[in-house]
Amino acid sequence: YSEPYHENQNFAENRYSTIKSTTNRVMNRSGAPANTWLLCLLYVCLLLNHLASAALHWIPPEQKLTGRTPDISKFLHFSFYEPVYYHAYSDSFPSGSNEEQGWWVGIALNVGDALTYKVLTKSNKIIYRSAIRSALDRAINVFLHLVGRQHPTILAIKFLYDRQLVKKMLKCVMAQVYNDRWLR
């Protein structure tokens, strides 16, 4: 136990302080609304449990608990409160797009496979989907489709040495800018 107003006496308070400050930083940088604070807190706790900790001699808490190295690939695809498109199941045919926009708010631990995510819908409901795509920049998504999805580092190296790839990207971006002007 610790005295009131003496948080330094309780070792758990230090970790909670880290969680709170990291949650605030993620919320500020993502532009997430205040009502998503609990989703962000859960995301930060899960993320910190998968990252190596100096207090555990650079072993992730998840590995210390289970004895297995945790898979961090589920954290690499999207960032918190990133706009995404997800498949909306409807019975109407033919219709417009069967995709709706939502926001990526975390990883589903007990639903689906390892790459099943939590998506916040426009009606503030949490749904679980494994097939989602980013809605951030259509030009970049089109370009990634053209060159194939590859790790950003690999693409950066290719950009340094492949002028044709750079020209292809610029054409794609310019075409997107041109189309966006006509859509407004």
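Residues numbered from 1 in each chain as written. Predicted model: local features only at pLDDT ≥ 70, side-chain atom pairs only at ≥ 80, totals over all residues. Heavy atoms only, no water.

Attention now goes to the pattern of salt bridges. Tallying each qualifying case throughout the model produces one salt bridge. Note that Glu99 is salt-bridged to Arg133, the shortest N-O span being 2.8 Å. Taken as a pair, Glu99 in strand S2 (residues 99-107) and Arg133 in strand S5 (residues 132-134) lie far apart in primary sequence, 34 residues in all. (Salt bridge = Lys/Arg side-chain N within 4 Å of Asp/Glu carboxyl O. Helix = DSSP H or I, 4+ residues; strand = E, 2+ residues; numbered from the N terminus.)

Let us look at a nonpolar patch on the surface. A cluster of nonpolar residues, Trp37, Leu38 and Leu42, forms a patch on the protein surface that exposes about 320 Å² of accessible area. Inspection of the secondary structure assignment puts Leu38 in helix H2 (residues 37-50). Here Leu38 falls in the partly exposed class, since its relative accessible area comes to 43%. (Patch = residues over 30% accessible without salt bridge, like charges linked within 9 Å, V, L, I, M, F, W, Y side chains within 5 Å. Areas by Shrake-Rupley, 256 points an atom, 1.4 Å probe, with all protein chains shown as cover. Buried < 20%, exposed > 50% of the residue type's maximum accessible area, 1.4 Å probe, protein only.)

Right, let's get into unusual backbone geometry. Even without a glycine there, the phi angle at Tyr81 is positive, about 60 degrees. Relative to the helices and strands, Tyr81 is located in the loop between helix H3 (61-66) and strand S1 (82-87). On the basis of relative accessible area, Tyr81 is assigned to the buried category, the value being 15%. Located in the positive-phi region is Asn124, a residue other than glycine, with phi close to 60 degrees. Along the polypeptide, Asn124 turns up in the loop between strand S3 (117-120) and strand S4 (126-129).

Now for the sheet that holds S4. In a beta sheet, neighbouring strands are held together by backbone hydrogen bonds and run either parallel or antiparallel to one another. Judged by pairing direction, the sheet is antiparallel, and its five strands sit side by side in the order S4-S3-S2-S1-S5 without closing on themselves. Each edge of the sheet is formed by a strand with only one pairing partner; in this case those strands are S4 and S5. The sheet shows a mean angle of 45 degrees between the axes of neighbouring strands, direction not considered. Pairing geometry for S1 and S5, over three bridges, is antiparallel. Within S5, the position partnered with Tyr85 by the bridge is Arg133. Its contacts with the sheet put H2 on S2, S3 and S4, and the angle it makes with S2 is roughly 50 degrees. (Pairing = 2+ DSSP bridges. Axes fitted to C-alpha atoms, helices over the stretch in contact; angles between N-to-C directions. Contact = heavy atoms within 4.5 Å.)

What follows is about the nonpolar core. Of all hydrophobic cores here, the largest spans 26 residues; its most connected members are Phe80, Tyr81, Trp104 and Ile132. Put simply, the parts of the chain that give this core at least two residues each are helix H1 (11-30), H2, S1, S2 and S3. Counting residues per element, this core draws most heavily on H2, at seven residues. Once residues within four sequence positions are removed from consideration, Phe80 is found in contact with Val26, Met27, Ser30, Ala32, Thr36, Leu39, Cys40, Tyr43, Trp104 and Val105. (Core = buried A, V, L, I, M, F, W, Y, C linked by side-chain atoms within 4.5 Å.)

We describe a pair of aromatic rings using the distance from one ring centre to the other and the angle between the two ring planes. Overall, the coordinates contain eight aromatic pairs when judged by the stated rule. The interplanar angle of 35 degrees and the centroid separation of 6.4 Å between the aromatic rings of Phe80 and Tyr81 together place this pair among those described as tilted. Like Tyr81, Phe80 is buried. Here the aromatic cluster, defined as three or more aromatic residues joined through ring pairs, consists of Tyr43, Phe75, Phe78, Phe80, Tyr81, Trp103, Trp104 and Tyr117. (Phe/Tyr/Trp six-rings, centres within 6.5 Å; stacked < 30°, edge-to-face > 60°.)

The analysis is restricted to geometry; functional conclusions fall outside its scope.
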